[in-house]
Amino acid sequence: MEPLIKVRDLYKIFNIGTNKVYALNGVSFDIYRGEFIAIVGTSGSGKSTCLNMLAGLEAPSSGIIQIAGKRIDRMNESQLVAFRRQNVGFIFQSYNLIPSMNALENVSMPLMFRGVPLETRTKAAKHYMELIGIGDQGLHMPNQMSGGQQQRVGIARALVIDPKIIFADEPTGNLDSHTTDDVLNLLKKIVEEEHRTLVMVTHDPHIASWADRQLRVVDGHIVETVINKESSIEQEILRETGSEPYCVVTPEN
Ligand SMILES: Nc1ncnc2c1ncn2[C@@H]1O[C@H](COP(=O)(O)OP(=O)(O)OP(=O)(O)O)[C@@H](O)[C@H]1O
Ligand SMILES: [Mg+2]
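This write-up is about the structure you can find in this document. This is a predicted model, so every value here is computed, not measured.

### Quick notes on the pattern of salt bridges
At step 1: Per the counting criterion, the structure on display carries seven salt bridges.
At step 2: A salt bridge links Glu194 to Arg196; its shortest N-O distance comes to 3.5 Å.
At step 3: Taking relative accessible area as the criterion, Glu194 reaches 36% and is therefore assigned partly exposed.
At step 4: In this structure Arg196 comes out as buried when scored by relative accessible area, which is 16%.
At step 5: Two residues, Glu234 and Arg213, come together in a salt bridge whose shortest N-O distance is 3.6 Å.

Okay, structure coming up:
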């Protein structure tokens, strides 16, 4: 069983004046197809940096990122654009909606880039908006919606392309607890029924506990992996590989 995502010795160093910020300080891990992974840690620990690099949105300072057998750390910008369009749905921490487009247009936009005809993409967008509980908001502009509604537009937009991998940065950060449960249930159902892979960033241990496996990040290091032994995908990985999923554990000091 080959990992879908393979990360080795990944570093991201930001230079601020003469200071170096090690946002990611040499992390290594594997993620298997069908897993729901939570990257969990406090604010500033490096979660978004890690997710952005996995999705090919930011270039690593050094290290290896291999996804479905392809080295994305070696791709140029146009290769990355093609890779993302084909494989990745990204739910942004700050929504990133286009202010001049209504909700329906925002959700259907990724399909436009794929050349899907208007009628088909509108139908698909409506389907996901209904699924996520904003079916009646299609004509609303982003500035006419609450934070939680905009967040759900961002989620529907990520799902509309049927992505192999869903990357989600605090996907429920602006939702009340009831809607949070609905959205997590929906994401979990999509992962399980359609054998997708979900990598979700959160600072909230309760939300992280929904995942099959949690990678806990402190100061740019993965300090702990928590496996949900009840999870059928984790049992399958253990059975097939004979070991717990690969992860270097750096002792906390
Ligand atoms: N573009 C940047 N330039 C300089 N430093 C950055 C940049 N982006 C992130 N950092 C720094 O890298 C570290 C990790 O940031 P990151 O955004 O990954 O944290 P996070 O875990 O996602 O936090 P939060 O929960 O607040 O979103 C922080 O110290 C941050 O200040
Ligand atoms: Mg973040």
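### Some thoughts on the side chain of Ser45
At step 1: Here Ser45 shows up in the loop between strand E3 (36–40) and helix H1 (47–54).
At step 2: The exposure class of Ser45 is buried, given its relative accessible area of 2%.
At step 3: In this structure the side chain of Ser45 is engaged in a polar contact, spanning 2.6 Å, whose partner is the backbone oxygen of Thr42.

### Description of the environment of Tyr128
At step 1: Checked against the element boundaries, Tyr128 lands in helix H4 (residues 118–131).
At step 2: Taking the C-alpha atoms as reference points, Tyr128 and Leu111, separated by 17 residues in sequence, lie 13 Å from one another.

### Description of H1
At step 1: In terms of burial, H1 is a largely internal element, seven of the eight residues being buried.
At step 2: Restricting attention to buried positions, one finds in H1 the residues Lys47, Thr49, Cys50, Leu51, Asn52, Met53 and Leu54.
At step 3: Count one or two residues on from H1 and you reach Gly56, which has phi positive near 75°.

### Concerning the coordination of the magnesium ion (ligand 2)
At step 1: Within the protein, the magnesium ion (ligand 2) binds to Ser48 (OG) and Gln93 (OE1); these donor distances fall in the range 2.0 to 2.6 Å. Here Gln93 lies in the loop between strand E6 (88–91) and helix H3 (103–113) and Ser48 lies in helix H1, a separation of 45 residues in the sequence.
At step 2: A residue is classified by how much of its surface remains accessible, and Gln93, at 43% relative accessible area, is partly exposed.

### Some thoughts on the sheet that holds strand E5 (residues 70–71)
At step 1: In space, the four strands of this open sheet follow the order E2-E1-E4-E5, with antiparallel pairing throughout. Two strands in the sheet have a free side with no partner beyond their single neighbour: strand E2 (19–31) and E5.
At step 2: The pairing of strand E1 (residues 5–16) with strand E4 (residues 62–67) spans five bridges and is classified as antiparallel. When the sheet's bridge partners are listed, Val7 is paired in E4 with Ile65.
At step 3: Contacting E1, E2 and E4, H1 runs over the sheet at an angle of about 120° to E1.

### Regarding the packing of aromatic side chains
Geometry of an aromatic ring pair is reported as the spacing of the ring centres plus the angle between the planes.
At step 1: With the rule as written, the count across this model stands at two aromatic pairs.
At step 2: Ring centres of Phe90 and Phe92 lie 4.6 Å apart, and the angle between their planes is 40°; this geometry places the pair in the tilted category.
At step 3: Considering the side-chain rings of Phe90 and Phe167, the 6.3 Å spacing of their centres and the 40° angle between planes classify their relative orientation as tilted. Residue Phe90 is found in strand E6, and its partner Phe167 is found in strand E7 (residues 165–169); the two are separated by 77 residues along the sequence. Summarising the burial analysis for this pair, Phe90 and Phe167 share the class buried.
At step 4: Members of the aromatic cluster, each reached through a chain of ring pairs, are Phe90, Phe92 and Phe167.

### Overview of the packing of H3 against helix H5 (residues 147–159)
At step 1: It is the contact of H3 with H5, at a shortest axis distance of 7 Å, that shows an interaxial angle of 30°. Judged on the interaxial angle alone, H5 and H3 are roughly parallel. Along this stretch, H3 crosses H5, giving a crossing that reads as right-handed. Across the interface between the two elements, Ala103, Asn106, Val107, Met109 and Pro110 from H3 touch Val153, Ala156 and Arg157 from H5.
At step 2: Residues belonging to the contact of H3 with H5 are distributed by class as follows: six nonpolar, one polar and one charged.

Conventions and cut-offs
Along each chain, the written sequence defines residue order, and numbers are assigned to residues from 1. Throughout, the order in which chains and ligands are written sets their labels, letters from A for the former and numbers from 1 for the latter. Two thresholds apply to this predicted model, a pLDDT of at least 70 for residue-level local features and 80 or more for giving and counting side-chain atom pairs, whereas whole-chain, interface and lining totals are computed over all residues. Side-chain figures throughout are based on the complete set of non-hydrogen atoms in the structure, without hydrogens or water. We define a salt bridge as a contact between a side-chain nitrogen of Lys or Arg and a carboxyl oxygen of Asp or Glu at a distance within 4 Å. Note on exposure labels: buried denotes an accessible area under 20% of the residue type's maximum, exposed denotes more than 50%, and partly exposed covers the range between, all computed with a 1.4 Å probe on protein chains only. Secondary structure elements follow DSSP: runs of H or I no shorter than four residues count as helices, runs of E no shorter than two count as strands, and numbering proceeds from the N terminus. Nitrogen and oxygen atoms within 3.5 Å of one another constitute a polar contact, given that in protein one can donate a hydrogen and the other can accept it, and given that sequence-neighbouring residues count only through two side-chain atoms. In this listing, donors mean N, O and S atoms no farther than 2.8 Å from the metal, or 3.2 Å for Na, K and Ca; water is missing from the atoms, so a site can look incomplete. What makes two strands pair is DSSP finding at least two bridges between them. Contact definition: two residues touch when any of their heavy atoms are within 4.5 Å. Think of each axis as a best-fit line through the C-alpha atoms, taken over the contacting stretch in the case of a helix, with angles from 0 to 180 degrees between the N-to-C directions. By convention, a stacked pair of Phe, Tyr or Trp rings (six-membered ring in the case of Trp) has centres within 6.5 Å and planes under 30 degrees apart, an edge-to-face pair has planes over 60 apart, and any other such pair is tilted. Any angle that is under 35 degrees is reported as roughly parallel, and any over 145 degrees as roughly antiparallel; angles of 65 to 115 degrees are reported as roughly perpendicular and all others as oblique. Should the near helix be turned counterclockwise from the far one by less than a right angle, the crossing is left-handed, whereas a clockwise turn marks it as right-handed. Under the scheme applied here, ten amino acids are nonpolar (Ala, Val, Leu, Ile, Met, Phe, Trp, Tyr, Cys and Pro), four are charged (Asp, Glu, Lys and Arg), and all others, including Gly, are polar.

By themselves, these figures tell us nothing about what the structure is for.
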